[in-house]
There are 4 protein chains.
Amino acid sequence: MSDLAAAKPAPTAYQYPDFSKPPFARAPEARFEPLPADGVLPEGFFSTSNLPTYINLNGRWAMPARPRMDCVVVRRGAELETIEPRRLKRGELVAMGEAEDGSQGIVVYAEGFLGGSHGANEFRFMSTEVSRERPVNYEELARRLVEEKRSGGYLLWVVGPALVHSRARADFEWFIANGFVQAVLVGNAVAVHDIEAAIFGTTLGMTSTGQPSQGGHGLHMRAINQVRAAGSIECAVQSGLVKSGIMHALVTRGIPFVLAGSIRDDGPLPGVLNDTLEAQDAMREYTVQATGAIFIATALHAIAVGNMLPAFHTRYGPPAPLMTICVDQTEFVVNKLKDRGTHQAYGVVTNAQDFMHVLRFYVERWAPDSA
Amino acid sequence: MSDLAAAKPAPTAYQYPDFSKPPFARAPEARFEPLPADGVLPEGFFSTSNLPTYINLNGRWAMPARPRMDCVVVRRGAELETIEPRRLKRGELVAMGEAEDGSQGIVVYAEGFLGGSHGANEFRFMSTEVSRERPVNYEELARRLVEEKRSGGYLLWVVGPALVHSRARADFEWFIANGFVQAVLVGNAVAVHDIEAAIFGTTLGMTSTGQPSQGGHGLHMRAINQVRAAGSIECAVQSGLVKSGIMHALVTRGIPFVLAGSIRDDGPLPGVLNDTLEAQDAMREYTVQATGAIFIATALHAIAVGNMLPAFHTRYGPPAPLMTICVDQTEFVVNKLKDRGTHQAYGVVTNAQDFMHVLRFYVERWAPDSA
Amino acid sequence: MSDLAAAKPAPTAYQYPDFSKPPFARAPEARFEPLPADGVLPEGFFSTSNLPTYINLNGRWAMPARPRMDCVVVRRGAELETIEPRRLKRGELVAMGEAEDGSQGIVVYAEGFLGGSHGANEFRFMSTEVSRERPVNYEELARRLVEEKRSGGYLLWVVGPALVHSRARADFEWFIANGFVQAVLVGNAVAVHDIEAAIFGTTLGMTSTGQPSQGGHGLHMRAINQVRAAGSIECAVQSGLVKSGIMHALVTRGIPFVLAGSIRDDGPLPGVLNDTLEAQDAMREYTVQATGAIFIATALHAIAVGNMLPAFHTRYGPPAPLMTICVDQTEFVVNKLKDRGTHQAYGVVTNAQDFMHVLRFYVERWAPDSA
Amino acid sequence: MSDLAAAKPAPTAYQYPDFSKPPFARAPEARFEPLPADGVLPEGFFSTSNLPTYINLNGRWAMPARPRMDCVVVRRGAELETIEPRRLKRGELVAMGEAEDGSQGIVVYAEGFLGGSHGANEFRFMSTEVSRERPVNYEELARRLVEEKRSGGYLLWVVGPALVHSRARADFEWFIANGFVQAVLVGNAVAVHDIEAAIFGTTLGMTSTGQPSQGGHGLHMRAINQVRAAGSIECAVQSGLVKSGIMHALVTRGIPFVLAGSIRDDGPLPGVLNDTLEAQDAMREYTVQATGAIFIATALHAIAVGNMLPAFHTRYGPPAPLMTICVDQTEFVVNKLKDRGTHQAYGVVTNAQDFMHVLRFYVERWAPDSA
């Protein structure tokens, strides 16, 4: 139906349904009951949708006048009309029932309107898969992470710079320290911001409370330069130059990571794979092991890793779904990831800082022994 | 699959397929061909997806190692591996065929991964319905508008203030003047900005090139006051106070409109229905006549009108889809409209100014007699 | 500079700076130092921006060739060039210093580029006020809420339906129960969803884990009907029909609320003010008392209340800023609120569920006696 | 003011203004005039803002009660109150004047509220620089493009895949063919989609009207493979394999382009620079020549090129602003580009398809000799 071309009005194309066949044939007559008070409906009223609706009245199928959703069907003599409840008076008769399949004398006949495979009782609200209006099931997310950890799963984390700017570094460190991270696939920028934060307390010159700092625009260049002088990120950690943060946690705990280069990079830091094919090959050695993947606030890396990631894994036997969580500020990145084939992604529409914070809170509650 | 809970790995829940039944039973063996040159595949190669894939090799079904999408399946002796084409050399053997249903010895077995009703050949890209990345079919939109006009259809237009701020007023006037608008359902703000533009050349004090104007923050209040002094919008048009714009076009051509009040209103202008139930009742007299509806850059009014609008009309006989076009800057408003039950909405993700401009251009080209 | 018209190249309009005046006059020569190793800069190097930059070399001001940001200025004889550090070898000479005002022989001359009031040391990153990439200072938010409570402040809460859909109801109840809420200004939909959740456990038929329910599309109509049958929301609470949620908390604690009507409303619930001017007048009795306001996931109500809200309050004496926090999934709503005059709004770009959860967590930690 | 920490209420920090000094000292008394009719104000009324406002009444400065924006100040005896015009009756007295600097007896005293550099007459709406609600000045954009062409400017175009998906290929070809494009900096994906469209009529398997095609998910791999078999994009054009599109236009007209590799690439196509540092170096040879740059629907490439691009050029003499236009569906990408230092970017918030279409339309109208 959302295909505009298919919605073209072709007078000859649309036909009335065949009332001699199911769901119409042998359906009972519809039942009507009076309003107990002005603007108050009898319990069990039929609530309308915006789809073609037929009502069995005295053995004939009639379509109520003035159709719309969220109303009731009022019977006035032989006339049926769709009306807002607030406009009705005590004693007026409204159609009753919740079934839309004819079993209570009412058929919602979606044929030709919702695609071939739809039937009755299909009209519903809140059906968009990825939406900021859907609740995020953090309990389930936390339970899954703890299960993966306990069963020896392999969780890939793929994150973007906003996670570092928004100061979710400490929460990410906690997940690394507690065994929820088996590999990290990121770009140069994540490491640069993380190390700038470790050395200078800023990211691109912005403090942890969002204020600018004096001479701030050069700080990431100075951070890169100090690591280049140290020789490597590992050396910068060992020498004490970098004392905290994501890279520090990864190096000190021996968690593998890939720093993939991009044309946007400053520096780059030592260890960044500037050849994108070499970076792909390095990344894939981790994607083939994954039993789960968590993408946070990154379009390029999420799509790149999604491209490599099977929708399933066979670590425990037959193919089982590979848990793929995609967190982004807007629905667009999640849907783009799906549009590039990673249909299994479960979308969480929120910001990186809050996601990390709330997820950690739930994991700590679920598995207090983690901390 | 995007239901996280459903994606829980339950070791006992997943089983290998039954290879004694279709699509596996009686399928031929897969065919392999050599690469004609390093990194160049034979025409007709099998392109992988991220779903579980089985290949009939020597009468046994095998799952290639290291699965991922956008690759090929390479045979090295009895081993099958999923590999990027760029990594292959001349003479290496890759699986051939486009069918995923076993008819060429390859089965893409999505069961349990894409929901119950999915089969082979279902993996695809770009399946999100509403996306800024999808082409807008303006030819079809223009053709539909011209058809509605010629066949005596009834088009509702529901627009938000951004249409006026972005200076698509002249294009809207053109659609009104040329018979493509049968009723307009808007709020106080659209009329206020339109009349401020008519009197002062600004909207909320911003000029048509986006610059601020001196004393600009009071101009909409002065515009409202002048219309209140005139007594009505109609009087303001007749007296020459308002010489151009949307309200001018509607009044001078006798096109009906409803100005529905909201708690956000300044003024309000004379004629605004401040009682929201009275406004709903007034709006519904137009929604019951509609054969098409166009929503542009408004969440509140689109959802309110969508709520009243059937998914079909019966103007030409049996129920035919009611063309519903929803234009917004982001996918969210279109999806929210669908989530409130207006599933038939065709989403156009763009801004109001450009939509009006391009649509007019196509309509003019399609029906040059309109101008 | 982001005014396109102002950026027009008018050959005669642009002039070289007057080097005989400050910041050029009497500035020292720039200092250069050699790279200690290939691709490693001397500490204290000058990090470039994209603005016109002049360097005092041998008493003459020269503009380095090939300007760009995030690079260094290399001196090769009398030539100065802007080059990426990675391209430089041990011993090459780069300009030193952090000052951009001439005091170290380097002038970043932004005149005509960043507007009239800008000077040196102004180039910086991360200057956008409202961005998902900025950290949210929850400590400060929590501290402010606790201070307002302790000092007898008056906090208005204005929320949209997404807060209820996303199941932040329990967190909102907590804030109400603990004295952080002095008045609530919302629409019919928030109350409808909240009461549907209280009676049926769903919102618009969606369960708290995001699943559809059987017959779900009628549940909000049944919830509304039961409250209409009860006579009022207060009666529905007292009778035990509504046992939890936002409305329950407000009614049982005697916190005032305004339910403002809109054209989108189903029902409406008893107590909703359908006349928008009457609703404005009711709302304003609370805005004039406010010392703080929190807007969450609502455009219409945030702008309506923002329109009524002074940027300051005088509760404690001279005008002090009125804390105004605007939480939304995208930057757009916050910026639109500012564009409608509520410039003082502090934007938090996240979703309603997480915001409420994290804010509660911080408030509980800050003021453990609250719980 | 949008710094939350700065907005902390510190009772001792806020002081009443010094009424003995300007703008208060020697200001005249405010003037009041009666309403000519119920709800109708006298022309020239003072329209309020939400900032602290003082009115000189009988030689004393008073702050009207119940402040808010978009209202008037009513005098009832010695009392001043801020009231909505609709609530006033004929004959009531309201303050007059547009000046906020005391010259008409009214002072809007923003000190401490809008930052240090603000004064009177600063309150305004619609001040956000980048917004979908601002009109796009296509006349000016078109004029600038034509001027650059005529004066021998050097225009860089940097575009993302959405331009190809949304079928703006033909419009881009037109700009290339007509001399508005001096260099193109893109990624592998743009070339892949463009060539898939040239060979198969699809992009990622989606047709030009947005429909899926049979076997569509493999078509981009087949397109890449055919170009790899041909040896290069240039060979694919010369052999007739690629007969239309962006790459065809660039190759046949000899316009230089850089295809920069990324970790997200399939293939890649021959000619893609997989080494990101090599790609940066290649790109920079074009950025140093640019007099203008146009970024469309790309975050990675826009930020990468923005990073290399000076805010000015010296092609015609002294530093003149380098026209930088950034087109994206949301404000976020434009603001992110600014946050990475490209402050000069002029944001156009729309989709790629419409932007190209409307811009071409205006350029054709402006310079009909172009076509």
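Preceding block: the structure.
The following refers to the structure shown. Here the structure is a predicted model, which means the values were calculated and not measured.

Right, let's talk about the packing of helix H4 (residues 188-200) of chain C against helix H5 (residues 219-230) of chain C for a bit. Helix-helix packing is described using two parameters, namely the angle between the two axes and the distance between the axes. Residues and elements named next belong to chain C. In the contact formed by H4 and H5, the axes pass within 9 Å of each other and the chain directions differ by 90°. Judged by the inter-axis angle, H4 sits roughly perpendicular to H5. Residues Val-192, Ile-195, Glu-196, Ile-199 and Phe-200 of H4 touch H5, and the partners they reach there are Leu-219, His-220, Arg-222, Ala-223, Ile-224, Gln-226 and Val-227.

For interface size, the figure often reported is the accessible area lost on association. Taken together, the contacts link 77 residues of chain A with 77 residues of chain B. With both sides pooled, the region where chain A packs onto chain B buries about 7200 Å², and carbon together with sulfur makes up 57% of that total. Counting the contacts that link chain A with chain B gives 12 salt bridges. Here Asp281(B) makes a salt bridge to Arg86(A), at a shortest N to O gap of 3.0 Å. Inspection of the region where chain A meets chain B yields 30 residue pairs in polar contact (both at pLDDT 80 or more). Elements with a contribution of two residues or more to the side of chain A that touches chain B: strand E5 (79-83), helix H1 (138-150), helix H8 (276-287), helix H9 (300-308), strand E15 (320-321), strand E16 (323-328) and helix H10 (331-339) of chain A. Looking at the side of chain A that touches chain B residue by residue, the classes come out as 36 nonpolar, 17 polar and 24 charged.

This part covers the relation of the copies chain A and chain B. Between the two copies, chain A and chain B, the superposition gives an RMSD of 0.0 Å; the rotation angle is 180° and the shift along the axis is 0.0 Å. The superposition of one copy onto the other is thereby described by a two-fold rotation axis. Of every C-alpha in chain A, the one belonging to Glu331(A) sits nearest the axis of rotation, 4.0 Å from it. A shared interface surface links the copies, since 100% of the contact residues of chain A are contact residues in chain B too.

It is worth spelling out the interface of chain C and chain D at this point. Between chain C and chain D, the residue contacts involve 77 residues of the former and 77 residues of the latter. Summed over both sides, the interface between chain C and chain D buries roughly 7200 Å², with carbon and sulfur atoms accounting for 56% of that surface. The interface formed by chain C and chain D holds 12 salt bridges in total. At the level of secondary structure, the elements contributing two or more residues to the side of chain C that touches chain D comprise strand E5 (79-83), helix H1 (138-150), helix H8 (276-287), helix H9 (300-308), strand E15 (320-321), strand E16 (323-328) and helix H10 (331-339) of chain C. Of the residues that constitute the side of chain C that touches chain D, the class distribution is 36 nonpolar, 17 polar and 24 charged.

Moving on: the relation of the copies chain C and chain D. For the pair chain C and chain D, the best superposition has an RMSD of 0.0 Å and corresponds to a rotation of 180° with a translation of 0.0 Å parallel to the axis. A share of 100% of the interface residues of chain C reappears at the interface of chain D, consistent with the copies meeting face to face through the same patch.

Further remarks concern the sheet that holds strand E3 (residues 60-62) of chain D. Residue and element names in this part refer to chain D. The strand order across the open sheet formed by 3 strands is E3-E2-E7, and the pairing between neighbours is antiparallel. What marks the edges here is a single partner per strand, and that holds for E3 and strand E7 (106-108). Taken over all neighbouring pairs, the strand axes of this sheet differ in orientation by 25° on average, direction set aside. Summarising the sheet, strand E2 (residues 53-57) and E3 pair through 3 bridges and their orientation is antiparallel. Residue pairing in the sheet places Asn-56 in a bridge with Trp-61 of E3.

All right, on to the pattern of salt bridges then. Going through the model one piece at a time under the given rule, you end up with 92 salt bridges over all chains. A salt bridge links Arg66(B) to Glu81(B), with the nearest nitrogen and oxygen atoms 3.5 Å apart. Here the residue Arg66(B) occupies a position in the loop between strand E3 (60-62) and strand E4 (72-76), and Glu81(B) occupies one in strand E5 (residues 79-83), the gap between them amounting to 15 residues. Taking relative accessible area as the criterion, Glu81(B) reaches 25% and is therefore assigned partly exposed. Residue Arg360(C) is joined to Asp171(C) by a salt bridge in which the shortest nitrogen-to-oxygen separation is 2.9 Å. With a gap of 189 residues between them, Arg360(C) in helix H11 (residues 352-366) and Asp171(C) in helix H3 (residues 169-177) connect regions that are remote in the sequence. Through salt bridges with shared partners, a single ionic network connects Arg68(A), Glu84(A), Arg86(A), Arg87(A), Asp281(B), Arg284(B), Arg264(C) and Asp266(C).

Bringing the packing of helix H3 (residues 169-177) of chain D against helix H7 (residues 246-253) of chain D into the picture now. Residue and element names in this part refer to chain D. Where H3 contacts H7, the two axes come as close as 9 Å, and the packing angle between them is 15°. Compared by their axis directions, H3 and H7 come out roughly parallel. For the crossing formed where H3 meets H7, the hand is right-handed. Contacts between H3 and H7 pair Arg-169, Phe-172, Glu-173, Ile-176 and Ala-177 from the former with Ile-246, Ala-249, Leu-250 and Arg-253 from the latter.

So, on to the side chain of Thr82(D). Residue position: Thr82(D) is located in strand E5 (residues 79-83). Residue contacts for Thr82(D): discarding those within four places in its chain leaves Arg284(C), Thr48(D), Pro64(D), Ala65(D), Arg66(D), Pro67(D), Arg68(D), Cys71(D) and Val72(D).

Turning our attention to the packing of aromatic side chains. Enumeration according to the criterion identifies 58 aromatic pairs over all chains in this entry. Note on Phe24(C) and Trp61(C): the rings are 5.0 Å apart at their centroids and 85° apart in plane angle, and the pair reads as edge-to-face. Of this pair, Phe24(C) sits in the segment before strand E1 (32-34) while Trp61(C) is found in strand E3 (residues 60-62), placing the two residues 37 residues apart along the sequence. Of the aromatic side chains, those joined through ring pairs into one cluster are Tyr138(A), Phe355(A), Phe361(A), Tyr362(A), Tyr138(C), Phe355(C), Phe361(C) and Tyr362(C). For the cation-ring pair, Lys149(D) lies above Phe180(D), with the distance from its terminal atom to the ring centre recorded as 4.7 Å.

Conventions adopted
Within every chain, residues take consecutive numbers counted from 1 along the sequence as written. Each chain gets a letter, beginning with A, and each ligand a number, beginning with 1, in the order they are written. Residues qualify for local features only when their pLDDT is at least 70, as the model is predicted, and side-chain atom pairs are given and counted only at 80 or more; totals for whole chains, interfaces and linings, by contrast, use all residues. For side-chain calculations, the full set of non-hydrogen atoms in the structure is used, while hydrogens and water are omitted. Angular values range over 0 to 180 degrees, each being the angle between N-to-C directions of two axes fitted as lines to C-alpha atoms, with helices fitted over their stretch in contact. Only DSSP runs of H or I reaching four residues or more are called helices, and only runs of E reaching two or more are called strands; each is numbered from the N terminus. In what follows, roughly perpendicular refers to angles from 65 to 115 degrees, roughly parallel to angles under 35, roughly antiparallel to angles over 145, and oblique to any angle outside these ranges. We call two residues in contact when some of their heavy atoms are within 4.5 Å. Once two parts are brought into contact, the accessible area they lose, counted with a 1.4 Å probe and summed over both, makes up the buried area. Whenever Lys or Arg places a side-chain nitrogen within 4 Å of a carboxyl oxygen from Asp or Glu, that contact is recorded as a salt bridge. Each polar contact in these results corresponds to two N or O atoms within 3.5 Å; when the atoms are within protein, one needs to be able to donate a hydrogen and the other to accept it, and residues that are neighboring in sequence are counted only if both atoms are side-chain atoms. Ten residue types, Ala, Val, Leu, Ile, Met, Phe, Trp, Tyr, Cys and Pro, are classed as nonpolar, four, Asp, Glu, Lys and Arg, as charged, and the remainder, Gly among them, as polar. A least-squares superposition brings the copies together, and it is based on the C-alpha atoms of residues with pLDDT no lower than 70 in both. The pairing criterion is simple: DSSP has to find at least two bridges between the two strands. Here's how the labels work: a residue is buried when its accessible area is under 20% of the maximum for its type, exposed when over 50%, partly exposed in between, all with a 1.4 Å probe on protein chains only. Note on convention: near helix rotated counterclockwise from far helix by under a right angle means a left-handed crossing. Clockwise means right-handed. Two rings from Phe, Tyr or Trp (for Trp, the six-membered ring) form a pair when their centres are within 6.5 Å of each other. A pair whose planes differ by under 30 degrees is stacked, one over 60 is edge-to-face, and the rest are tilted. Only lysine NZ and arginine CZ atoms are considered, and such an atom sits over a ring when it is within 6 Å of the ring centre and within 35 degrees of the ring normal.

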